[in-house]
Amino acid sequence: MLQFGSDSKIATLPSGIRIAYRIFPGKSKVPLFCVHGLTGNLKNFEPLAQGLSKKGITVIVYDLRGRGNSDKPKEEYSARIHAQDLKELSTILGYSKISILSHSLGAWITLRFAEKFASFLEKAVLIDGGGELSIKRKISNLLMIQGSLARLGRRIPSKEIYLQEAKKSPLLSAWNTNIQNFLLYELEPVGTLSPSLMPGDSFYGPVLCSIPPFVIDSELKNMGGAMKPAGIVARLFKDPKEFFKTLKENKIMPYSALRCPVLVIRALKPNFKPGDELLPSTAIDKMKEKIQNLKVYELTDKNHYESVLLEDKDRDQEIFKFLRS
């Protein structure tokens with residue numbers, strides 16, 4: 001079922017998975033693919049894509065499998081699987097070289113993409129993600145994102161109430177139509193009202209966030225986490241060998257695979273309390289040590305979520321300059 005406010009196209013990958021995407025045309029030979037975060041969708045990057053398109057850069061935004069209008073199979077979800085999807089999508093669309101702009105989980109996907117398809121990658125922009133973190137820091141980050149996971153699987157009386165609840169989130173210091181469009185896009189009706197009675201893109205009655213909880217649980221499992229902190233302990237006792245294998249795989253990021261220029265955008269504003277940023281200074285130091293062609297840009301007035309959801313002309317100009325350099 002297409003989501004509210006959908007204007008995306010569908011590409012069927014060789015794997016059979018259908019991926020929703022939208023192209024913002026430009027004159028650049030190398031397109032920019034935007035990869036959203038854990039509970040994001042293609043709407044996260046549309047304002048940025050519109051601006052870059054007007055400046056001549058071709059931008060493709062898309063829904064990761066498990067989100068938006070893309071397929072949501074009951075299978076495993078991981079950064080490596082998403083990286084393969086991205087390679088297949090870009091090939092289907094006719095590109096032999098791409099740049100990637102990514103946020104949060106998307107940064108992990110970019111790293112796994114570089115690990116397997118390094119020669120395919122022209123430039124990479126990592127927004128507040130992809131850092132090497134201690135176990136303590138990973139658990140802290142997991143606790144921080146609990147608020148954004150609370151909407152999954154909940155039946156809400158109406159889309160208006162859904163938006164009202166989102167506006168109260170302490171993670172957002174401002175509200176705009178872009179955030180509203182992003183949230184509406186992830187909704188699907190779950191009431192009994194026939195679609196034929198819903199005028200245009202509107203729908204009435206109960207709604208549900210279209211991201212299945214099993215998708216996020218699988219993603220976090222492959223990153224060494226879980227939707228709830230207790231789930232980490234449960235996995236440790238259930239299969240300690242597999243648990244520690246996953247932790248080991250995610251302990252060291254494949255920075256050496258990034259042979260292209262890299263721009264890291266870091267959000268410095270606290271999410272809930274001072275010191276809970278997603279990319280601590282220790283993670284930035286490791287990036288500087290291991291990524292040869294690296295530039296770091298800091299957003300002092302935005303937190304992890306605001307780094308993509310709120311407008312920022314200076315951030316967008318920095319991204320444009322990096323892509324055109």
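The structure reproduced in this document is the subject of the present report.

1. As for the sheet that holds strand 10 (residues 262-267)
- In spatial order, the strands read 1-2-4-3-5-6-10-11; together these eight strands make up an open sheet with mixed pairing. What marks the edges here is a single partner per strand, and that holds for strand 1 (9-12) and strand 11 (294-299). Between one strand axis and the next, the sheet turns by 25° as a mean value, whatever way the strands run.
- Of the strand pairs in this sheet, strand 3 (residues 32-35) and strand 4 (residues 59-62) are connected by three bridges, and their pairing is parallel. Opposite leucine 32, over in strand 4, you have valine 59 as the bridge partner.

2. Description of the environment of proline 212
- Take proline 212: it is sitting in the loop between strand 9 (207-209) and helix 8 (213-221).
- Judged by relative accessible area, proline 212 falls into the buried class, the value being 15%.
- Sequence separation of proline 212 and lysine 74 is 138 residues, and the distance between their C-alpha atoms is 9.3 Å.

3. Quick word on the pattern of salt bridges
- Taken as a whole, this structure holds 22 salt bridges when the rule is applied.
- Arginine 112 is paired through a salt bridge with glutamate 115; the nearest N and O atoms lie 3.1 Å apart. Remark: glutamate 115 and arginine 112 occur in helix 3 (residues 105-117); sequence separation between them is three residues, near one turn of the helix.
- On the basis of relative accessibility, which here comes to 39%, the residue glutamate 115 falls in the partly exposed class.
- Measuring nitrogen to oxygen at the nearest pair gives 3.2 Å for the salt bridge that ties glutamate 298 to arginine 266. Taken together, the positions of glutamate 298 in strand 11 and arginine 266 in strand 10 put the pair 32 residues apart, joining distant regions of the chain.
- Assessed through its relative accessible area of 39%, glutamate 298 is described here as partly exposed.
- With relative accessibility at 6%, the residue arginine 266 sits in the buried group.

4. Concerning the sheet that holds strand 7 (residues 155-156)
- Overall, antiparallel pairing links the three strands, which are arranged 7-9-8 in an open sheet. Bordering the open sheet on either side are strand 7 and strand 8 (187-189), each of which pairs with just one other strand.
- As judged from the two bridges shared by strand 7 and strand 9, these two strands associate in the antiparallel manner. In the sheet register, isoleucine 156 faces strand 9, and the bridge partner there is valine 207.

5. Re the pairing of strand 11
- As defined by bridge partners, strand 10 adjoins strand 11 across six bridges and the pair is classed as parallel. Looking at strand 11, one finds that leucine 263 is bridged to lysine 295.
- Between the parallel pair strand 10 and strand 11, the chain is carried across by helix 11 (residues 281-290), and the sense of this crossover is right-handed.

6. Observations regarding unusual backbone geometry
- The backbone phi angle of serine 104 is positive, close to 55°, even though this residue is not glycine.
- Here serine 104 is to be found in the loop between strand 5 (98-103) and helix 3.
- The buried category is assigned to serine 104, whose relative accessible area is 18%.
- One non-glycine residue, aspartate 128, adopts positive backbone phi at about 50°.
- Here aspartate 128 is to be found in the loop between strand 6 (121-127) and helix 4 (135-144).
- The buried category is assigned to aspartate 128, whose relative accessible area is 1%.

7. Things to note about the packing of helix 2 (residues 79-92) against helix 3
- Packing of helix 2 against helix 3 brings their axes to within 8 Å, and their N-to-C directions diverge by 65°. Classed by the angle they form, the pair helix 2 and helix 3 counts as roughly perpendicular. For the pair helix 2 and helix 3, the sense of crossing is right-handed. Side by side, helix 2 and helix 3 meet where Ala79, Arg80, His82, Ala83, Gln84, Leu86 and Lys87 of the first sit next to Trp108, Ile109, Arg112, Phe113, Glu115, Lys116 and Phe117 of the second.
- Of the residues assigned to the contact of helix 2 with helix 3, the class counts are seven nonpolar, two polar and five charged.

8. Topic: the pairing of strand 10
- Of all six residues that make up strand 10, six are buried, and the element is covered over most of its length.
- Residues of strand 10 alternate between two faces, with Val262, Val264 and Arg266 on one and Leu263, Ile265 and Ala267 on the opposite face, all of them buried.
- Of the pairings in the sheet, the one linking strand 6 to strand 10 comprises four bridges and is parallel in character. Directly across from isoleucine 127, in strand 10, lies its bridge partner isoleucine 265.

9. Thoughts on helix 8
- Every buried residue of helix 8 is listed here: Val215, Ile216, Ser218, Glu219 and Leu220.
- Looking at the buried positions of helix 8, the neighbouring elements they touch are helix 2, helix 3, helix 4 and helix 5 (146-149).

10. What about the nonpolar core?
- Leu52, Val59, Tyr62, Leu101 and Phe113 are the most contacted members of the largest nonpolar core, which has 95 residues in total.
- Ranked by residue count, the leading element in this core is helix 3, at eight residues.
- In contact with leucine 101, not counting residues within four places along its chain, are Leu32, Phe33, Cys34, Val35, Phe45, Leu48, Val125, Ile127 and Ile319.

What counts as what
Residues numbered from 1 in each chain as written. Predicted model: local features only at pLDDT ≥ 70, side-chain atom pairs only at ≥ 80, totals over all residues. Heavy atoms only, no water. Pairing = 2+ DSSP bridges. Helix = DSSP H or I, 4+ residues; strand = E, 2+ residues; numbered from the N terminus. Axes fitted to C-alpha atoms, helices over the stretch in contact; angles between N-to-C directions. Buried < 20%, exposed > 50% of the residue type's maximum accessible area, 1.4 Å probe, protein only. Salt bridge = Lys/Arg side-chain N within 4 Å of Asp/Glu carboxyl O. Right-handed = clockwise from strand over helix to strand, strands pointing away. Parallel < 35°, antiparallel > 145°, perpendicular 65-115°, else oblique. Left-handed = near helix turned anticlockwise from the far one by under 90°. Contact = heavy atoms within 4.5 Å. Nonpolar A, V, L, I, M, F, W, Y, C, P; charged D, E, K, R; others polar. Core = buried A, V, L, I, M, F, W, Y, C linked by side-chain atoms within 4.5 Å.

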